[in-house]
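Residues per chain, in single letters:
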Amino acid sequence: MLRPNFSNAWALSWLRRSLITFVTAPVLLAMGLTLVDSYRRRNKKPKPFPITAPETVSVGDGTVTTYTFGKDVYADMLEAIGSAKKQILLETYIWKGDEVGERFKQALTDAAERGVDVHIIYDGFANLVVNPRFKRFAPSLKVLRYPVYNAGFRFFDLRRYGRAHRKILVVDDAVGFVGGYNIGTPYATEWRDTHCRITGPGVWDLKRAFADFWNLNRRKRFRASERPLLLETASQWEPRIRIHRNVPRLWMFPIRSMYLEAINRATSRVWLSHAYFIPDEDFVDAINNAARRGVDVRLLVPQKSNHIVADWLGRGYYSQMLEAGVKIHWFREAMVHSKTATIDGNWATIGTANIDRLSMSGNYEINVEFIDPKLAATMEAIFETDLSNCVPVTLADWERRNIYRRFTEAVLAPLRHVL
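Residue numbers restart at each chain and count upward from 1, following the sequence in its written direction. Given that this is a predicted model, residues contribute local features only at a pLDDT of at least 70 and side-chain atom pairs are listed and counted only at 80 or more, while totals for whole chains, interfaces and linings are drawn from all residues. Heavy atoms throughout the structure, all of them, feed into the side-chain values; hydrogens and water do not.

**A short note on the UniProt feature "domain: PLD phosphodiesterase" (unreviewed entry) in the chain**
The UniProt record marks residues 160-187 and 332-359 with the feature "domain: PLD phosphodiesterase" (unreviewed entry), using the residue numbering of this structure. The helix count covers DSSP runs of H or I at least four residues long, the strand count covers runs of E at least two residues long, and both are numbered beginning at the N terminus. A helix fraction of 11% and a strand fraction of 32% characterise residues 160-187, whose end C-alpha atoms lie 29 Å from each other. In the segment residues 332-359, helix accounts for 11% and strand for 43%; the C-alpha atoms at its two ends are 24 Å apart. UniProt positions are given in the numbering used here, feature names are shortened, and annotations may be inferred rather than shown by experiment.

**A short note on the packing of helix α8 (residues 308-315) against helix α13 (residues 403-412)**
Any two packed helices are characterised by the angle at which their axes cross and by the distance between the axes. Interaxial angle, 0 to 180 degrees, is taken between N-to-C directions of lines fitted to C-alpha atoms, where a helix line uses only the stretch in contact. As a packed pair, α8 and α13 sit with axes 9 Å apart at the nearest point and diverge in direction by 95 degrees. Classified by the angle their axes make, α8 and α13 are roughly perpendicular. Mapping the contact onto sequence places W312, L313 and R315 in α8 and Y404, R405, T408, E409 and L412 in α13. Here the nonpolar group is Ala, Val, Leu, Ile, Met, Phe, Trp, Tyr, Cys and Pro; Asp, Glu, Lys and Arg are the charged ones; every other residue, Gly included, is treated as polar. Residues belonging to the contact of α8 with α13 are distributed by class as follows: 4 nonpolar, 1 polar and 3 charged. Angle categories are assigned with fixed cut-offs, so that under 35 degrees is roughly parallel, over 145 is roughly antiparallel, 65 to 115 is roughly perpendicular, and the rest are oblique. Pairs of residues are marked as contacts when any of their non-hydrogen atoms sit within 4.5 Å.

**Here's the deal with helix α7 (residues 281-292)**
What a helix should span is 1.5 Å times the count of its residues minus one. The terminal C-alpha atoms of α7 lie 16 Å apart, and with 12 residues this matches the ideal 16 Å at 1.5 Å per residue to within 8%. Think of it in three bands: residues with accessible area under 20% of the maximum for their type are buried, residues over 50% are exposed, and the middle band is partly exposed, with areas taken using a 1.4 Å probe on protein chains only. All buried positions along α7 are accounted for by F283, V284, A286, I287, N288, A290 and A291. In this structure, the buried residues of α7 make contact with α6 (254-265), β11 (269-274), β12 (296-302) and α9 (318-324). Of the residues one or two after α7, G294 is the one with positive phi, at around 100 degrees.

**Topic: the sheet that holds strand β7 (residues 175-179)**
In spatial order, the strands read β1-β2-β9-β7-β6-β3-β4-β5; together these 8 strands make up an open sheet with mixed pairing. The open sheet has two edge strands, β1 (55-59) and β5 (142-146), and neither has a second partner. Between one strand axis and the next, the sheet turns through 15 degrees on average, direction left out of account. Two strands form a pair only when DSSP identifies at least two bridges running between them. As paired elements, β1 and strand β2 (residues 62-67) share 5 bridges and run antiparallel to each other. Across the sheet, residue S58 finds its bridge partner in β2, namely T63.

**Some thoughts on α13**
Structural remark: α-helix, 3.6 residues per turn; residues separated by three or four positions point the same way. Listed in full, the buried residues belonging to α13 are T408, E409, V411 and L412. Relative to the axis of α13, the buried residues are bounded by an arc of 165 degrees and lie together on one face. Exposed side chains of α13 directed beyond 90 degrees from the buried face belong to I403, F407 and A410. The directions considered for the arc are those from the helix axis to the C-beta atoms.

**Regarding a nonpolar patch on the surface**
Together, F125, L128, V129, V148, Y149, F153, F155, F156, L158, Y161 and W251 line one region of the surface with nonpolar side chains, adding up to about 1400 Å² of accessible area. Among the structural elements, F125 can be located in the loop between β4 (117-123) and β5. We classify F125 as partly exposed; its relative accessible area is 43%. The residues that make up patches have over 30% relative accessible area and no salt bridge, and they are joined within 9 Å when like-charged or within 5 Å when they are Val, Leu, Ile, Met, Phe, Trp or Tyr. Note that accessible areas follow from Shrake-Rupley with a 1.4 Å probe, and for residues the cover is restricted to the protein chains shown. A carboxyl oxygen of Asp or Glu within 4 Å of a side-chain nitrogen of Lys or Arg is what we treat as a salt bridge.

**As for the packing of aromatic side chains**
Here a pair means two rings of Phe, Tyr or Trp (six-membered ring of Trp) with centres within 6.5 Å. Their orientation is stacked below 30 degrees between planes, edge-to-face above 60, and tilted elsewhere. All chains considered together, the criterion is met by 22 aromatic pairs. Considering the side-chain rings of Y74 and F104, the 5.6 Å spacing of their centres and the 80 degrees angle between planes classify their relative orientation as edge-to-face. Placement of the pair is Y74 in helix α2 (residues 70-82) and F104 in helix α3 (residues 99-113), with a sequence separation of 30 residues. Neither Y74 nor F104 differs from the other in exposure class; each is buried. Taken together through their ring pairs, the aromatic side chains of W95, Y122, F134 and F137 make up a single cluster. We count a charge as sitting over a ring when the NZ of a lysine or the CZ of an arginine lies within 6 Å of the ring centre and within 35 degrees of the ring normal. The side chain of K105 reaches across the aromatic face of F134, ending 4.9 Å from its centre.

**Some details on unusual backbone geometry**
A negative phi angle characterises most non-glycine residues, just as the trans form characterises most peptide bonds. One non-glycine residue, D172, lies in the positive phi region at around 50 degrees. Here D172 shows up in the loop between β6 (168-171) and β7. The class of D172 is buried, set by a relative accessible area of 17%. The phi torsion at D344 lies on the positive side, around 60 degrees, for a residue other than glycine. Here D344 shows up in the loop between β15 (339-343) and β16 (347-351).

**A closer look at the pattern of salt bridges**
The full count for this structure, using the stated rule, is 20 salt bridges. Residue E238 is joined to R240 by a salt bridge in which the shortest nitrogen-to-oxygen separation is 3.0 Å. We note a salt bridge from D282 to R256, for which the minimum N-O separation is 3.6 Å. Taken together, the residues D282 in helix α7 and R256 in helix α6 connect sequence positions 26 residues apart.

**Here's the deal with the nonpolar core**
In terms of nonpolar packing, the biggest core is built from 49 residues, with Y74, I88, W95, F104, L108 and V118 touching the most fellow members. Listing elements by their share of this core, those giving two or more residues are α2, β3 (87-92), α3, β4, β6, β7, α4 (185-189) and α8. Excluding residues within four positions of it along the chain, V118 makes contact with I88, L108, A111, A112, L141 and K142. Grouped together as the second largest cluster of nonpolar side chains are 35 residues, F283, V295, V297 and Y318 included. Residue types Ala, Val, Leu, Ile, Met, Phe, Trp, Tyr and Cys, when buried and joined through side-chain atoms within 4.5 Å, form a set referred to as a nonpolar core.

**Regarding the environment of R256**
R256 sits in the partly exposed class, given a relative accessible area of 23%. When the C-alpha positions of R256 and P279 are compared, they lie 10.0 Å apart, and in sequence the two are 23 residues distant. For this analysis, a polar contact is any N or O atom pair within 3.5 Å, provided that within protein one partner can donate a hydrogen and the other can accept it, and provided that sequence-adjacent residues contribute only side-chain to side-chain pairs. Here the side chain of R256 touches D280 through a polar contact of 2.8 Å, side chain to side chain.

**Here's the deal with the side chain of S305**
Structurally, the position occupied by S305 is in the loop between β12 and α8. Under the relative-accessibility criterion, S305 is labelled buried at 1%. Here H307 takes part through its backbone oxygen, which lies 3.0 Å from a polar atom of the side chain of S305. At 2.8 Å, the side chain of S305 forms a polar contact with the side chain of D311.

Below you can see the structure in the form of structure tokens.
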């Protein structure tokens, strides 16, 4: 009788230790990689990269202008804020308290002082390291700080853990901006990102996206007696422009479906540009299947992003993608932060959602879907410009990677289902 009990106890102890190791090893390795990478990056500046000048094309009854350089989009955003007459709606994930951040803050304050109705949303968690003094706003500004922790006593309600990762600016009924750019000096010149400026009926959908988020989250910040933000938007639809929003609170995640539908319908080319590429298995299958049926599938990602763990997690899928015929390109010596794609010379998307679980099924995100050959051609030209600063990843080179890299990929693999 004693031996079975001893054996059972030993087995349970071994199982417990194995589970603890399985859970903690990836986390500890991720923390170590992050610390080492942070040390190596100290005092290092990214090198200049090729950019595409802003280009405006007509889409339906409006226009779309694409931006690939922070200085260009910031200049037009500040000009729009400076000319505002009625209303400004600004939402950002990161808002640094540096020179560029101060310029935006002052421009918004000046607008409010001349009678413009200014509403601002920013994410509390993303700006924890920003000086608290910068986050003190004039009373004339209506500011909603999305909480660091938003679940309250609903600890197990996963709908309340998503971050406010969107970047939107809407001025009056005239113009709207959306894309990957946060607000801060480094993004003005050091990061390669993509943003767009929309005029016409598409602006109304951006306004509605802002208002819906504001009204969904305003109660904890403002008095219950304050009226919700109501926006009169035209009933006219622009069929060439569609706004897709991930809303975890409502369990709505259409952006992933948008991508999968477009990729599954592709017949000639699928060109993806993403900062962090940690897809789920179904997404990998979709691009692999496209490549196998002869579609020119290209993936452009940073060679070294600002989140090294994301790089390692994404590379765990490289072997099967390369074997399927997907072409992978690493953007060199600078951070590419774009979240874009163009397909078949007729379809494109620009937005805030990365191809990872946090964006696809966790955070508040917004992407614009364009079905227009002129805009798709512009996005293809941008992609080809970016390729001039890339190094291709071949299957032969990838299979020759050393055992250290293979070991790291294997240990970190469980985190793919979380990040």
